[in-house]
Amino acid sequence: MSVIMTGAAGQFITPLSLEVASRNKVYTSLFDAPMAHIDLPAKADVMVIAPATANIIAKFANGIADDLLSTCLLSYQGSVVIAPSMNWKMYENKVLQENLGKIRARGVLQVGPEKGPLACGEEGPGRLSETADIVEAVRMAVTKKDLSGKKILVTAGPTREYIDPVRFISNRSSGKMGYALAMAARDRGAEVTLVSGPSSLKTPLGVRFVSVETSEEMLDAVTSETGDDTTLLIMAAAVADFKPGERASAKLEKSENVSVTLHKADDIISHITGRSNRPFVIGFAAETGNNVDRAEKKMQKKNMDMIVFNDVSEPGAGFEVDTNRVVIIDRKGRTATELLSKDSVADMVLDRFLENSP
Ligand code: PMT
């Protein structure tokens, strides 16, 4: 990693601090090295400007090259990520917005700013994004776009099936597996819609997000969001298999025993696989125990193209954790993975989809 600091940046932090953090020389002037403005960009996979001031945005939008950073931006031919940060009145200024529009139209990825308290004591949009969001944008910028042109719908998280207005039946799904799939597909260039049940995870950048609560809402969202041009549906959500026959309109009184009759919930996947013009469909099978055969039968019964088996009783796999161990089953065979991060499992599932798709 090479760091370039402008004169203004040097007022806030010393080059030495960034030299220590990056373990690399920090460049501050056009004349630090004879060809720094050509050589530094030539070596970079991505250029990240964080924080990006109104000044550097204006220079970049209009091709002004009067210091090392602006000159490097002009000679750079790869992906650029900018994280603006400034006073909210400056951010909302028409000229600034026009400049941002210009550079976004040229393919620059903008992350933030966030709304909130600003250094000047005022509140509004202008806070530098969280580091995790900037890292997410960098991941998007550097990933090979082997899914570009594909429209992918991913479901994630649990559903809630209400007994009365305050009580519901749900499950342990956190949404981590589905969100990892949505983010991996987005990074690889797909146009992604994420239909999510209740989850505490942050809405991923750059995906269309549809929030649902019950299995009925998830069914409505999946059937309406799956168009003729949808390439792939991935059902990673833990959708209810059973739901209370009726939802009481008022909170049920406490009594000794309450019986709730559960009825079979509508199967969402079957609504899509029953269509004549249908996308490639990948389901997940949450099993307790090594029931890979049962997962394969689910795939056949619901006419899916692929199913991802995970044994949710195994430590480190399934619900809530950041890792998973799966068996990916398609019509050609089975692939068992090691215990991997959910990000890696997501990439493997998408690789397998690409091998299977025409
Ligand atoms: O969210 P995490 O905490 O990261 O956990 C991940 C996970 C364990 C939830 C995920 O990896 C997973 O296994 N998801 C599917 C859970 C599930 O519902 O499995 P199932 O075997 O009951 O269902 C098989 C398939 O049918 C699933 O793709 C499911 O989305 C789908 N289904 C289920 C019920 C229903 N009414 N309609 C459906 O379409």
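Refer to the structure above for everything that follows.
Notes on the structure in this doc start here. These figures come from a predicted structure and were not determined experimentally.

### Points about the sheet that holds strand β3 (residues 46-52)
Phase 1 of the analysis: Spatial strand order, β3-β4-β5: 3 strands in an open sheet with parallel pairing. The sheet is open, and its two borders are formed by β3 and β5 (109-110), each paired with just one other strand.
Phase 2 of the analysis: Across 5 bridges, the pairing between β3 and strand β4 (residues 79-84) is parallel. Looking across to β4, one finds that Ala52 is bridged to Pro84.
Phase 3 of the analysis: Set on the sheet, helix α4 (residues 54-62) makes contact with β3 and β4; between it and β3 the angle comes to about 140°.
Phase 4 of the analysis: Strands in contact with helix α8 (residues 131-142) are β3, β4 and β5; relative to β3, the strand with the most contacts, it is inclined by about 155°.

### Brief notes about the environment of Leu354
Phase 1 of the analysis: Inspection of the secondary structure assignment puts Leu354 in helix α13 (residues 342-356).
Phase 2 of the analysis: Residue Leu354 is classed as partly exposed on the basis of its relative accessible area, which comes to 26%.
Phase 3 of the analysis: Sequence separation between Leu354 and Asp146 is 208 residues; the distance between their C-alpha atoms is 8.7 Å.
Phase 4 of the analysis: Non-local contacts of Leu354, meaning those with residues more than four positions away in its chain, are made with Asp146, Leu147, Lys150 and Arg188.

### Structural notes on the sheet that holds strand β20 (residues 333-336)
Phase 1 of the analysis: With respect to topology, 8 strands assemble into an open sheet ordered β12-β11-β8-β13-β16-β17-β19-β20, the strand pairing being mixed. Looking at which strands have only one partner, the edges of the open sheet turn out to be β12 (208-211) and β20. Going across the sheet, the axis of each strand differs from the next one's by a mean of 15°, ignoring polarity.
Phase 2 of the analysis: Two elements, strand β8 (residues 151-156) and strand β11 (residues 191-196), share 6 bridges in a ladder whose sense is parallel. When the bridges of β11 are listed, Val154 appears paired with Leu194.

### Observations concerning the nonpolar core
Phase 1 of the analysis: Counting 31 residues, the largest nonpolar core has Ile152, Val154, Leu181, Leu232, Ile234 and Ile282 as the members making the most contacts within it.
Phase 2 of the analysis: Looking at this core, the elements that each hand over two or more residues are β8, α9 (176-187), β11, β13 (232-235), β16 (280-287), β17 (306-311), β19 (326-330) and α13.
Phase 3 of the analysis: Examining the composition of this core, we find that 8 residues originate from one element, α9, more than from any other.
Phase 4 of the analysis: Among the nonpolar cores identified, the runner-up in size contains 25 residues, and Met235, Ile307, Phe309 and Ile329 belong to it.

### A look at the environment of Ala236
Phase 1 of the analysis: The residue Ala236 is located in the loop between β13 and β14 (242-244) in this model.
Phase 2 of the analysis: According to the relative accessible area criterion, Ala236 is buried, its value standing at 15%.
Phase 3 of the analysis: Separated by 69 residues in sequence, Ala236 and Asp305 have C-alpha atoms that sit 14 Å apart.
Phase 4 of the analysis: In contact with Ala236, other than residues within four places in its own chain, are Thr155, Gly178, Leu181 and Phe284.

### Notes on the packing of aromatic side chains
Phase 1 of the analysis: A full pass over the atoms with the stated rule returns 3 aromatic pairs.
Phase 2 of the analysis: Ring centres 6.4 Å apart and planes at 65° place the aromatic pair Tyr179 and Phe209 in the edge-to-face group. In this pair, Tyr179 is assigned in helix α9 and Phe209 in strand β12, connecting sequence segments 30 residues apart.
Phase 3 of the analysis: The class for Tyr179 is buried, based on a relative accessible area of 3%.
Phase 4 of the analysis: Ring centres 5.2 Å apart and planes at 70° place the aromatic pair Phe280 and Phe353 in the edge-to-face group. On the criterion of sequence distance, the pair formed by Phe280 in strand β16 and Phe353 in helix α13 is long-range, its members being 73 residues apart. Take Phe280 and Phe353: they sit in the same class, and that class is buried.
Phase 5 of the analysis: The side chain of Lys25 reaches across the aromatic face of Tyr27, ending 5.1 Å from its centre.
Phase 6 of the analysis: Lying across the ring of Tyr162, Arg247 places its NZ or CZ 4.3 Å from the centre.

### Section: the site of the ligand
Phase 1 of the analysis: Around the ligand sit 28 residues, and of these Ser173, Ser174, Lys298, Asn310 and Glu320 come closest.
Phase 2 of the analysis: Here an oxygen atom of the ligand sits 2.6 Å away from a polar atom, N or O, in the side chain of Ser174.
Phase 3 of the analysis: Met235 places a main-chain nitrogen or oxygen 2.8 Å from an oxygen atom of the ligand.
Phase 4 of the analysis: Considered on its own, the ligand offers 770 Å² of accessible surface; in the complex 97% of this is hidden by protein.

Criteria and cut-off values
Residues numbered from 1 in each chain as written. Predicted model: local features only at pLDDT ≥ 70, side-chain atom pairs only at ≥ 80, totals over all residues. Heavy atoms only, no water. Pairing = 2+ DSSP bridges. Helix = DSSP H or I, 4+ residues; strand = E, 2+ residues; numbered from the N terminus. Contact = heavy atoms within 4.5 Å. Axes fitted to C-alpha atoms, helices over the stretch in contact; angles between N-to-C directions. Buried < 20%, exposed > 50% of the residue type's maximum accessible area, 1.4 Å probe, protein only. Core = buried A, V, L, I, M, F, W, Y, C linked by side-chain atoms within 4.5 Å. Phe/Tyr/Trp six-rings, centres within 6.5 Å; stacked < 30°, edge-to-face > 60°. Lys NZ or Arg CZ within 6 Å of the ring centre and 35° of its normal. Near = heavy atom within 4 Å. Polar contact = N/O pair within 3.5 Å; in protein donor to acceptor, adjacent residues only side chain to side chain. Areas by Shrake-Rupley, 256 points an atom, 1.4 Å probe, with all protein chains shown as cover.

Shape is all these values report; function is a separate question.
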